[in-house]
Amino acid sequence: MSDDQRFISLQQDSIAMHRAGRPGKLEIAPTKPLITQRDLALAYSPGVAAPCLEIHENADLAYDYTAKGNLVAIVSNGTAVLGLGNIGALASKPVMEGKAVLFKRFADLDGIDLEVSTEDVDEFVNCVRFLGASFGGINLEDIKAPECFIIEQRLREAMDIPVFHDDQHGTAVVTLAGLINSLDLTGRDIKEAKLVINGAGSASIACVELIKAMGMPPENAILCDTKGVIYQGRQEGMNQWKSAHAVPTKARTLEEAMEGADIFLGCSVKDAVTKDMVRSMADKPIVFALANPDPEIYPDDVKEVASGAIIATGRSDFPNQVNNVLGFPYIFRGALDARATTINDEMKIAAAQAIAALARQDVPDEVNAAYGADRLQYGPDYIMPAPFDPRLIEAVPTAVAQAAMDSGVARKPIGTMDSYRRELAQRLDPTASSLQAIFAAVREDRRRVIFAEGEDERAIRAALNFRNAGLGTPILIARDEVVKTKMSEMGLSGIDGIEIHNARLSDKREQYTEFLYGRLQRQGSLYRDCARWVNRNRNVFSACMVAAGEADAMVTGLTRGFGTTFSDISKVFDPQPGHQVFGLTLFVDRNRTLFVSDTSLHVEPTPEMLVDIAIQSAAKARQMGHEPRVAFLSFSNFGNPMRSRVDRIREAVALMNERRGVDFEFDGEMTADMALQPELRERFYPFCKLTGPANVLVMPGLHSAHITSRLLQQMGRGSNIGPILMGLSKSVEILQLRSTVSDVLNAAALAAHEAIRVEHQEAKNKTKGLPRAAAMFGGS
């Protein structure tokens, strides 16, 4: 499939996503109950008069009584949108809504997009300057230069809240973070290093200004534009912002400027830099080629001519991506929490230093596990944290808030940084970061994943998305002509990169039948039974492919119920030694994730089974970035009332106390409300060992687990993942009949990631001389 076809497919999927359900990406939801007449009287008239009068007397109380302190205005006129150019205010709205989503996702800030339909600087400034009473900060976005410089400066002078043009300063902060570590790794001093910047737009000028503020002498930075070097005395194509960075130099071209330079920073166009230019730089050059989607020079070309070079780009498919999401959400978080009147250089430098410092720290196991890495380690290919590192929310806002206080622009000093750091950590649920990291890990270590029901339209679309996203090779178990017909009916094209296997035409049928008969011949199955299953049952055929090592994982369940599907794959796969097979469902709602088990298999698990289920569920929760707190649920609380039906749960808790190596909190039996509300436990059962809300709920039986999971799904709040099939010897995900294309794609990524994890674990076990899972088809 060509890049153009992939782009068209992505555009179609994006249009479908924006149109589906409630149009767009945002909604406003109340944070207080509004059910009774009294609730309404408190929230609105007549009760609302009280906070109004107090704010009238003391304006600072607006931060205590309203959402102002957590609200950012995302303002654009659409004159420089994402490389699309001047498309106008209205057409920029999807981008601005997307920016609001990023604020919420990464920093728990509420963003309101405001599209201003004017290109006149005075009109734009006059529109925005009077919005200070409504918002805690202003994020300017996608405004063309040089107007963006004028607009930001005038708004900063007119308003007493932070005004921040992310295209300038967000890029500058993250670039500086990477540069700090690049200088460290190559043994350079910023006061002595020589820098060449190609591009003289808003991002380039912001970068050079911040780098100079960090300590680089002005004469050591040469700025270039389309007409060459910006030198003192140049007249052509100049303006006040370029003139501020003109230097005395004999160099007149980019090529001349780069001779002997330590650092190249590009915010320009593709192919602006040649191998010869890089070859002319100092030893171990630092090359930040940030043009998107194609950099000024590709990393492989740099490495070819400059050993020891450190390279960064704006792309996620190369190491060291300069991604603004490392900066702007957390900069605003710290600025708003300190009620800063502005975002100054001290705060931006503090943010850059915090990002850089995080890359030098030991990476937690859960981050490594999520990214599928043996060990992310500070070095030439890891100079900045991964964008979905959950530690960013603690590290960067604290540094920004401290800098705001130290520089005198904070109106509400933070009490203690340790308490603030804990508060920040509780703002975000790590599940979303883990899922994004899982996709990134799968993209780096691509696997072959089977979509067993390959003639279902959802499976076909998910397989196309799996391929287009670069997650691996999708395999459809289907008839070739059926798939092509359905793709044509759906208006889809491009089968390249997708394998189609028809079980009835496969030359592996006899091999699979022999294997299956060897497993089942003493369990009442005849050879002809095994042959029929391999020929006619796509689940069995798919599972045999995985068992034979011809695929790494499989997803199924779109056309058959869970029980039937599990029975099919159980003919081929056994449980992992010492593990229970069960279903684990994740419910993600705002800032909380619940891991609920077993939602799929065991009607009335024994105490021993409950212990295994709890331990495996806790391990998965930890892998997803959560510190597990396990609650064994029941209809009673610690013997109140005492009923014989609770004995299984009580015995399971007793067995957990005896089990060695349990390194997480657990307790029970308890009701769901007691598990989720620490204040209730503290009031009635202060001896309970859980120190916070339970996040792993071990259900007493399948009835309660299944009913609970379906009720939560139908409530429509948040999203659910799973049930994830735990404990099987190979990576399989069984979907629900009602699964969407997105559900299928997510399941395929999770299955691929589990295959990667198991492979890495078996490799580690091998080096330690530990046993591995039983091999199939005679493999070693």
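Here, the structure is the one placed above.
All values derive from a computational prediction rather than experimental measurement.

**Observations regarding the environment of K620**
Inference 1: Assignment of secondary structure puts K620 in helix α26 (residues 607-623).
Inference 2: Note on K620: relative accessible area 10%, which makes it buried.
Inference 3: Considered as a pair, K620 and F595 are 25 residues apart in the sequence and their alpha carbons are 8.8 Å apart.

**Points about helix α20 (residues 457-468)**
Inference 1: Across its 12 residues, α20 extends 16 Å between first and last C-alpha, which sits within 8% of the 16 Å expected from 1.5 Å per residue.
Inference 2: Of all the 12 residues making up α20, 9 are buried; the element is thus mostly covered by neighbouring parts of the structure.
Inference 3: One side-chain oxygen of the residue at the start of α20 lies 2.8 Å from the amide nitrogen of R458, identifying that residue as D456.
Inference 4: G470 lies just past α20 and shows a positive phi near 70°.

**Some words on the nonpolar core**
Soluble, globular proteins show a tendency: their nonpolar side chains are buried together.
Inference 1: Grouped together as the largest cluster of nonpolar side chains are 99 residues, with contacts concentrated most on I138, L140 and M347.
Inference 2: Counting residues per element, this core draws most heavily on helix α15 (residues 345-360), at 9 residues.
Inference 3: Residues in contact with L140, not counting those within four places in the same chain, are V75, F124, I151, E152, L155, V163, F164, H165 and D166.
Inference 4: Judged by nonpolar contacts, the second largest core, of 59 residues, contains I438, I613, V653 and V744.

**A few points about the pairing of strand β3 (residues 137-140)**
Inference 1: Side chains G137 and N139 of β3 all project onto a buried face; the interleaved residues I138 and L140 project onto the opposite face, where all are buried too.
Inference 2: Two strands pair when backbone bridges link them, and strand β1 (residues 71-76) and β3 are joined in this way by 4 bridges, in the parallel orientation. Bridged to I74 within β3 is N139.
Inference 3: When β3 meets strand β4 (residues 163-165), the two strands line up parallel, connected through 3 bridges. Bridging from a neighbouring strand, I138 pairs with V163 of β4.
Inference 4: In terms of handedness, the path from β3 via helix α7 (residues 147-158) over to β4 forms a crossover that is right-handed.

**Some remarks on the packing of aromatic side chains**
Inference 1: Using the criterion set out here, one finds 13 aromatic pairs in the structure.
Inference 2: Each ring, one from F638 and one from F687, has its centre 5.0 Å from the other, and the planes form 75°; the classification is edge-to-face. Taken together, the residues F638 in the loop between β17 (629-633) and α27 (647-658) and F687 in the loop between α29 (678-684) and β19 (696-698) connect sequence positions 49 residues apart.
Inference 3: Ring centres of Y685 and F687 lie 5.9 Å apart, and the angle between their planes is 80°; on these two criteria the pair is classed as edge-to-face.
Inference 4: With a relative accessible area of 13%, Y685 lands in the buried category.
Inference 5: Judged by relative accessible area, which is 52%, F687 ranks as exposed.
Inference 6: Joined through ring pairs, the aromatic side chains of F103, F164, F328 and F332 make up one cluster.
Inference 7: Between the NZ or CZ atom of K99 and the centre of the ring of F328, over which it lies, the distance is 3.7 Å.
Inference 8: Over the ring of Y231 we find R252; its NZ or CZ atom is 3.7 Å from the centre of that ring.

Quick notes on the rules
- Residues numbered from 1 in each chain as written.
- Predicted model: local features only at pLDDT ≥ 70, side-chain atom pairs only at ≥ 80, totals over all residues.
- Heavy atoms only, no water.
- Helix = DSSP H or I, 4+ residues; strand = E, 2+ residues; numbered from the N terminus.
- Buried < 20%, exposed > 50% of the residue type's maximum accessible area, 1.4 Å probe, protein only.
- Expected span 1.5 Å × (residues − 1).
- Polar contact = N/O pair within 3.5 Å; in protein donor to acceptor, adjacent residues only side chain to side chain.
- Core = buried A, V, L, I, M, F, W, Y, C linked by side-chain atoms within 4.5 Å.
- Contact = heavy atoms within 4.5 Å.
- Pairing = 2+ DSSP bridges.
- Right-handed = clockwise from strand over helix to strand, strands pointing away.
- Phe/Tyr/Trp six-rings, centres within 6.5 Å; stacked < 30°, edge-to-face > 60°.
- Lys NZ or Arg CZ within 6 Å of the ring centre and 35° of its normal.

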